[in-house]
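Examination of the molecular architecture
What follows is each chain in one-letter form.
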Amino acid sequence: MNKTAKILALALIANMPVLAQTKKSKMEKRIINPWQWQDQRSYVQAVEVKHAQGTLYCSGQAAVSVDGKSSAADMKTQLVQAIQNLEKVIGEAGYDCKNIVRLNILTTSSAELFTCFDIFQEWITKHGIKQASTLIEVKSLFETLKIELEATVVR
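Right, let's walk through the structure included here. (Residues numbered from 1 in each chain as written. Predicted model: local features only at pLDDT ≥ 70, side-chain atom pairs only at ≥ 80, totals over all residues. Heavy atoms only, no water.)

Here's the deal with the overall build of the chain
- For the chain, the count of helices and strands is 5 helices and 7 strands.
- Taken from N to C terminus, the helices and strands of the chain fall in the order α-α-β-β-β-β-α-β-α-α-β-β.
- The proportion of buried residues among the 155 residues of the chain is 35%.
- Within the chain, contacts between residues separated by at least 24 positions form 75% of all contacts whose residues are at least 6 apart in sequence. (Helix = DSSP H or I, 4+ residues; strand = E, 2+ residues; numbered from the N terminus. Buried < 20%, exposed > 50% of the residue type's maximum accessible area, 1.4 Å probe, protein only. Contact = heavy atoms within 4.5 Å.)

Shown next, in the form of structure tokens:
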């Protein structure tokens, strides 16, 4: 082996760990559900993510118009707008709703939310979302808001 070939071989060997790190692995999600009862409630117990190429942490999205005005509408209308706003943020960042792995729901009235929860469940089903979730009833949200959706999305 000539001197140039030896130098190239040594350089390649020295840089192997760096080359291995730059190889892109496909993101993997694994759903952990020791039970089946949560399936009716449109969430999972845990989501393990391996080889994520990015993680997007979304602030709570609510029924706020493009000009920054908080909605005073009913829960159903606010839920639809909150979902649309969340989709907009996720899309603008170059992520997909199907890769939401955590979705927390804050509401001023669980009872009122459950009257239109089918809208939320249909949206989850439409995108094939399998997310860990927490539903929290709070005394109030900003101004006249009734619902807020806070998501973590991976790529």
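Let's talk about the pairing of strand β7 (residues 147-154)
- Among the 8 residues of β7, 7 are classified as buried, and the element is accordingly described as predominantly covered.
- Where strand β3 (residues 55-57) lies against β7, 3 bridges are found, and the strand directions are antiparallel. Across the sheet, residue Thr55 finds its bridge partner in β7, namely Val154.
- Two elements, strand β4 (residues 61-62) and β7, share 2 bridges in a ladder whose sense is antiparallel. (Pairing = 2+ DSSP bridges.)

Observations concerning the pattern of salt bridges
- For the structure on display, the rule yields 4 salt bridges.
- A salt bridge links Arg30 to Glu48; the nearest nitrogen and oxygen atoms lie 2.7 Å apart. A residue pair is termed long-range when its members are at least 10 positions apart, and Arg30 in strand β1 (residues 28-32) and Glu48 in strand β2 (residues 46-50) qualify at 18 residues.
- Put simply, Lys69 and Asp67 hold a salt bridge, and the shortest N to O gap is 3.5 Å. (Salt bridge = Lys/Arg side-chain N within 4 Å of Asp/Glu carboxyl O.)

Re the nonpolar core
- Membership of the largest hydrophobic core comes to 25 residues, with the highest contact counts inside it found for Leu86, Ile90, Ile100, Leu103 and Trp123.
- Elements that contribute at least two residues to this core include exactly α3 (75-92), β5 (100-107), α5 (117-127) and β7.
- By residue number, the principal contributor to this core is α3, which donates 6 residues.
- Contacts of Trp123, omitting those with residues within four sequence positions, involve Ile83, Leu86, Glu87, Cys97, Ile100, Leu103 and Ile129. (Core = buried A, V, L, I, M, F, W, Y, C linked by side-chain atoms within 4.5 Å.)

Regarding the state of the cysteines
- Tallied over the entire structure, the rule returns 0 disulfides.
- No disulfide involves Cys58; its sulfur sits 8.8 Å from the nearest other cysteine sulfur, which is in Cys97.
- Residue Cys97 is classed as buried on the basis of its relative accessible area, which comes to 9%. (Disulfide = S-S within 2.5 Å.)

Details of unusual backbone geometry
- Residues other than glycine seldom take positive phi values, yet His51 does so here, at roughly 60°.
- Mapped onto the secondary structure, His51 falls in the loop between β2 and β3.
- The exposure class of His51 is partly exposed, given its relative accessible area of 41%.
- Phi at Glu143 takes a positive value of approximately 50°, unusual for a residue other than glycine.
- Within the element layout of this structure, Glu143 appears in the loop between β6 (132-137) and β7.
- Judged by its relative accessible area of 54%, Glu143 falls in the exposed class.

Digging into the packing of aromatic side chains
- With the rule as written, the count across this model stands at 5 aromatic pairs.
- Here Trp37 and Tyr43 contribute two aromatic rings whose centre-to-centre distance is 6.4 Å and whose plane-to-plane angle is 70°, an arrangement assigned as edge-to-face.
- Owing to a relative accessible area of 41%, Trp37 belongs among the partly exposed residues under this scheme.
- Ring centres 5.1 Å apart and planes at 35° place the aromatic pair Phe117 and Phe120 in the tilted group. Here Phe117 and its partner Phe120 are both found in helix α5, 3 residues apart, which amounts to about one turn of the helix. Each member of the pair, Phe117 as well as Phe120, is classed as buried.
- Through a chain of ring-to-ring contacts, three or more aromatic side chains come together here, namely Phe114, Phe117, Phe120 and Trp123.
- We note Arg155 situated over the ring of Tyr95; from NZ or CZ to the ring centre the distance is 4.0 Å. (Phe/Tyr/Trp six-rings, centres within 6.5 Å; stacked < 30°, edge-to-face > 60°. Lys NZ or Arg CZ within 6 Å of the ring centre and 35° of its normal.)

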